[in-house]
Each structure stands twice: as C-alpha cells, then as structure tokens.
Amino acid sequence: MAQKDAEQHKSSEVPPDGGWGFMVVLGAAIINMVNQALFSVFGLIFGETLKDMAGGHATGITLVMAVSVCGTNFSGLLVGPMMKRDISVRTITILGVLSVKLGMILSSFASTIWHIVISYGFFTGLGLGLVASSTFLAISEFFTQRKSTAVGLSMAGTSTGQMIMPIFVGLLLKNYQFHGTTLILGCISCTGMVGAFLFKPMFCCAKANDPHEVEQGKYDLNSNANVNKPDIKKLDNNTSESESLLSGQVKAIVVAESDPKTKTPFIIVSKGKCH
C-alpha cells in the first residue's frame, strides 16, 4: 500500500510537457530577444567608441569582450548556491535582467575604456550569464520529452533579436549617437522582466493528497506537534511514530537534542513521507 501511495505521489510531480510551460517558453524567448541578442551587436555599438578611446587600436574591443565572456561563463557558479538558498528561478532571471540594464545604462556615461570594461564587461556579462542559466532551468521544470523543442523555441527569440537588433541599433546610432543608444538599449533590456514574470513555479500551488505525507516543519518529540504551524496536520501521538521518524523512514530530516529555550527534544522534517 505504501509503495502504491509513493507511486501516485511521484506521478503527480511529473513535469506536464506543456500547459503553462509554453508560457514559460514565451517568456524565455522575450528575454533572449532583448538581452541575449546584444552579443551580436557589440561591435556595432562599441566598436568606433572603443577605437577612439584606445587611440585607433582594437585593444579596447578585445579587453571588453574578454571580460564580458568571462563574466557570462563564470556566472553559472552563482546560480547553484542561489538555488540552494531557495532563491527562485524567476528572481535569478530578474537579477540578471537588472544587471544587463545597469551595465548598458552605465556604459552610456563612459568616458574611458575602463568604464566600459566595468559596466558592459562585468555587469552586462554577468547578467547575460544569469539570464541564460535561469531560462534553461525554468524550461526544464516544465518539460521532459519535449524539452529540446521547448529550448529551440526559446532560442528562436535570440535569432529574432539578432535579425532585428542590427537594423534598430543602426537607426539609434544615427539619431542618438553612442551615449543615447546604450541608454535606450538599457531601458529596452529591462522589458525582459515581463518574460521573467511568466516563470511561474510548477508546484507553487500543489497540495498534498497523500494522507501519509508529513508536513514540513519542526516537530516536538513529546507531543508530535508541529511547533511552527500548530494548525497543520499532526502526527499520531505515540512513541512508535516518533521512532519511525528517527529510523529514517522520513527523508531529509534533521535531528536535534533539545530546543535551546524550552529544552524540549524535537526533529525538523524537511520533506518526506511516513509509511
């Protein structure tokens, strides 16, 4: 019976391979269109300005691109720790979009190469890396069998942006010069937050249907009550139930000797089931 309940609970957590997932794909496509497409127009935006700042040499272009690529690639090291701290994919995406926006707007006030290295190279590069990682993670939550199709559709936003951006940036440079162009592009990149708001967590509204499922929280071993949420489902008030928790039948539990204030023994249940 316990095995059957476990199979039913597991089946309820299978990604839907569609549904709201297609709205997540649309959001990722919007983000890629106004953010990731900036890579393709870097030379068009910064080429002439960096050459003038470097006295006609291309050293500035190489330096800024190198810092930007490093920031983009190493930003993945931040995503893992952020996820472990329960920072949502939506929040990571918004942080990435804001970083891209900040880098582009600061670039509009640049007067030396080092200003652009810090603004575009660091902030924009870091933001683009966070955006790339978070969009893939958001899509992975909703798709299994059709994941490759979903990722391909989201990357279509990048392709669309790369076709439109050169024409659009050319018009901006003609009318507003370098400083006005980077300022406008920074504001446009902020529209990627519209796509980020579509990154709805798949299980945010899920409810437990299994009567054997243990609620999350801190449980008093004397009363078997959740001391954090007294109104939620309680465990049976007997010693054998507590012993079953301590024996490892509930996954991901932390055992403590006593509460520092009340001196009452308790366990912390992260997630799991009783059988």
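The name an unreviewed UniProt entry assigns to the chain is Major facilitator superfamily (MFS) profile domain-containing protein, from the organism Dendroctonus ponderosae.

Caption draft 1: Up close: the packing of aromatic side chains. The full count for this structure, using the stated rule, is 6 aromatic pairs. Ring geometry for Phe-42 and Tyr-120: centres 5.1 Å apart, planes at 40 degrees, overall tilted. Here Tyr-120 lies in helix H7 (residues 113-142) and Phe-42 lies in helix H3 (residues 42-53), a separation of 78 residues in the sequence. An identical accessibility class is assigned to Phe-42 and Tyr-120; each is buried. Aromatic pair Phe-46 and Phe-178: ring centres 5.5 Å apart, planes at 70 degrees, arrangement edge-to-face. Within this pair, whereas Phe-46 is found in helix H3, its partner Phe-178 is found in helix H8 (residues 147-189), the two being separated by 132 residues in sequence. Of the two residues, Phe-46 and Phe-178, both sit in the buried class. Taken together, the aromatic side chains of Phe-42, Phe-46, Tyr-120 and Phe-178 make up a single cluster linked through ring pairs.

Caption draft 2: Summary view of the nonpolar core. Membership of the largest hydrophobic core comes to 23 residues, with the highest contact counts inside it found for Phe-46, Ile-116 and Leu-185. Elements with a contribution of two residues or more to this core: H3, helix H6 (89-107), H7 and H8. With 6 residues, H8 is the largest single contributor of residues to this core. Discounting chain neighbours no more than four positions away, the residues touching Leu-185 are Leu-38, Ile-45, Met-104, Met-165, Phe-168, Val-169 and Leu-172. Counting 18 residues, the second largest nonpolar core, distinct from the first, contains Val-97, Ala-138, Val-151 and Phe-199.

Caption draft 3: Representation of the UniProt feature "transmembrane region" (unreviewed entry) in the chain within the structure. In this numbering, the UniProt entry assigns the feature "transmembrane region" (unreviewed entry) to residues 20-46, 58-80, 92-114, 120-139, 151-172 and 178-199. The span residues 92-114 carries 78% helix and 0% strand; its end-to-end C-alpha distance comes to 27 Å. Helix makes up 77% of residues 178-199 and strand 0%, and the two end C-alpha atoms of the span are 33 Å apart.

Caption draft 4: Layout of the state of the cysteines. Considering all chains together, one arrives at 0 disulfides under this definition. Cysteine Cys-187 shares no disulfide, and the gap to the nearest cysteine sulfur, in Cys-190, comes to 7.7 Å. Overall, the relative accessible area of 45% leaves Cys-187 in the partly exposed class.

Caption draft 5: Region of the structure containing the confidence of the model for the chain. Predicted confidence across the chain gives a mean pLDDT of 76, with 67% of residues reaching 70 or more. Ranking the elements of the chain by mean pLDDT puts helix H10 (residues 239-249) last, at 44, and H6 first, at 95. Counting contacts from residues 204-215, a segment whose pLDDT is below 50, to residues more than four positions away or on other chains yields 22 contacts. Within the model, pLDDT remains below 50 along residues 267-275, and this stretch shows 49 contacts once partners closer than five positions in the same chain are excluded.

Caption draft 6: Seen up close, the packing of helix H2 (residues 21-34) against H8. Across the interface, H2 lies against H8 with an axial gap of 4 Å and an inter-helix angle of 35 degrees. Handedness of the H2/H8 crossing: right-handed. Of H8, the residues touching H2 (which contributes Val-25, Ala-28, Ala-29, Asn-32, Met-33 and Val-34) are Ala-150, Leu-153, Ser-154, Met-155, Gly-157, Thr-158, Thr-160, Gly-161, Met-165, Ile-188 and Ser-189. Broken down by class, the residue content of the contact of H2 with H8 amounts to 10 nonpolar, 7 polar and no charged.

What counts, and at which threshold
Residues numbered from 1 in each chain as written. Predicted model: local features only at pLDDT ≥ 70, side-chain atom pairs only at ≥ 80, totals over all residues. Heavy atoms only, no water. Phe/Tyr/Trp six-rings, centres within 6.5 Å; stacked < 30°, edge-to-face > 60°. Helix = DSSP H or I, 4+ residues; strand = E, 2+ residues; numbered from the N terminus. Buried < 20%, exposed > 50% of the residue type's maximum accessible area, 1.4 Å probe, protein only. Core = buried A, V, L, I, M, F, W, Y, C linked by side-chain atoms within 4.5 Å. Contact = heavy atoms within 4.5 Å. UniProt positions renumbered as here; feature names shortened; annotations may be inferred. Disulfide = S-S within 2.5 Å. pLDDT = per-residue confidence, 0-100. Axes fitted to C-alpha atoms, helices over the stretch in contact; angles between N-to-C directions. Left-handed = near helix turned anticlockwise from the far one by under 90°. Nonpolar A, V, L, I, M, F, W, Y, C, P; charged D, E, K, R; others polar.

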